[in-house]
Amino acid sequence: MPEVSDVPQEADRRPLGIFGGTFDPVHFAHLRLAEEAADALGLAGVRWIPAGRPALREAPRVSAGQRLEMVRLAIAGNPRFVLDEAEVRAAQPSYTVPTLERLRQPALCGAQRPLVLLVGADAFAGMSSWHRWENLFTLAHIAVAHRPGFPVLADSLPPPLATACRDRLCADPSSLAEAPAGRIVSFAMTQLDISATKIRALLSNGISAQYLLPDALLDYIRTHHFYAEN
Ligand code: ATP
């Protein structure tokens, strides 16, 4: 799997997608979000960053290492996807701003490369509760994927977030390549009403989750008896 620094030089000038999540487990909506973002936003690739200990939610059902392995299985063979293992190995909880600061180090992405944080509409609406959230805009652009049941950029955003968005919204995704950070776009990915919560509930009730996530993952989940107990 190539590291960011292995991406060919001309690709390096294109924006790089950053996709963090708990991925408990990763599913087809995550995969389509990253794949469609790469095409819609002209990304050189997408760096997947499973959270070690997610900061703002209850403890995941399976360990960080096992969630990492599930993402590794899910993205295998996609040349545009890269796995970032650093948050899973970190001792401290995963926060997005420190993660982006790490990526801005010269040995990784540096200060100038456009970075695009990929989030679903639900995650975006909660962004103003994130640790040091106002720093996000100096570190990355934000691309908001439509998600069933969650309005995108609606008046219902918390006022501080709505205010922060006002001057940053861009209709044209190609403008993301013009600056390293600070702009917000939304994109209408194929709407898939899939969530990890729903998959965990199905599996813990002994109901099939096939066609919601890759078969290889279902085999892995079955082998390790994840999400089985009710
Ligand atoms: P859970 O149900 O456990 O909260 P989840 O399915 O929302 O999990 P996460 O790992 O929390 O998955 O999400 C990672 C990112 O993927 C978030 O930005 C989230 O908004 C986005 N995402 C997850 N599912 C979808 C979906 N069906 N459509 C669009 N975005 C999604």
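Peer 1: Before we go on, may I ask you to explain helix 5 (residues 96-103) in this structure?
Peer 2: Residue pairs spaced three or four apart in an α-helix point in one direction, given the helix's 3.6 residues per turn. Listed in full, the buried residues belonging to helix 5 are Val 97, Thr 99, Leu 100, Arg 102 and Leu 103. On its buried side, helix 5 packs onto strand 1 (16-21), strand 2 (45-50), helix 4 (86-89), strand 4 (115-120) and helix 7 (136-139).

Peer 1: In this structure, what is going on with unusual backbone geometry? I would like to understand it.
Peer 2: Glycine aside, residues mostly have negative phi angles, and peptide bonds mostly take the trans form. Along the chain, Asp 24 connects to Pro 25 via a cis peptide bond; the corresponding omega equals 5 degrees. With respect to the helices and strands, Pro 25 occurs in the loop between strand 1 and helix 2 (28-41). In this structure, His 225 takes a positive phi of about 55 degrees despite not being glycine. Turning to its location among the elements, His 225 is positioned in the segment after helix 10 (215-223). For Tyr 227, which is not a glycine, the phi torsion comes out positive at approximately 60 degrees. Considering the arrangement of structural elements, one finds Tyr 227 in the segment after helix 10.

Peer 1: How do you make sense of the layout of surface pockets when you look at a structure like this?
Peer 2: Its volume calculated, the second largest pocket comes out at about 180 Å³. Forming the boundary of the second largest pocket are 13 residues, of which Leu 203, Leu 218, Ile 221, Arg 222 and Phe 226 lie nearest the centre. Elements represented by at least two residues in the lining of the second largest pocket include exactly helix 9 (196-204) and helix 10. Ranked by residue count, the leading element in the lining of the second largest pocket is helix 10, at three residues. Residues of the lining of the second largest pocket, tallied by class, amount to eight nonpolar, four polar and one charged.

Peer 1: Before we go on, may I ask you to explain the pattern of salt bridges in this structure?
Peer 2: Think of it this way: side chains of opposite charge can pair up when their charged atoms draw near. Considering all chains together, one arrives at 14 salt bridges under this definition. Arg 47 serves as the salt-bridge partner of Asp 84, at 2.8 Å between the closest nitrogen and oxygen. On the criterion of sequence distance, the pair formed by Asp 84 in the loop between strand 3 (81-83) and helix 4 and Arg 47 in strand 2 is long-range, its members being 37 residues apart. Relative accessible area serves as the criterion here: at 2%, Asp 84 is assigned to the buried category. Relative accessible area serves as the criterion here: at 3%, Arg 47 is assigned to the buried category.

Each value, and the rule that gives it
Residues numbered from 1 in each chain as written. Predicted model: local features only at pLDDT ≥ 70, side-chain atom pairs only at ≥ 80, totals over all residues. Heavy atoms only, no water. Buried < 20%, exposed > 50% of the residue type's maximum accessible area, 1.4 Å probe, protein only. Helix = DSSP H or I, 4+ residues; strand = E, 2+ residues; numbered from the N terminus. Contact = heavy atoms within 4.5 Å. 1 Å grid on protein atoms, 1.4 Å probe; cavity = no way out; pocket = protein on both sides within 12 Å on 5 of 7 lines; lining within 4 Å. Points joined across faces, edges and corners; volume = space filled by probe spheres on them. Nonpolar A, V, L, I, M, F, W, Y, C, P; charged D, E, K, R; others polar. Salt bridge = Lys/Arg side-chain N within 4 Å of Asp/Glu carboxyl O.

So far we have only geometry, and geometry alone does not tell us how the molecule works.
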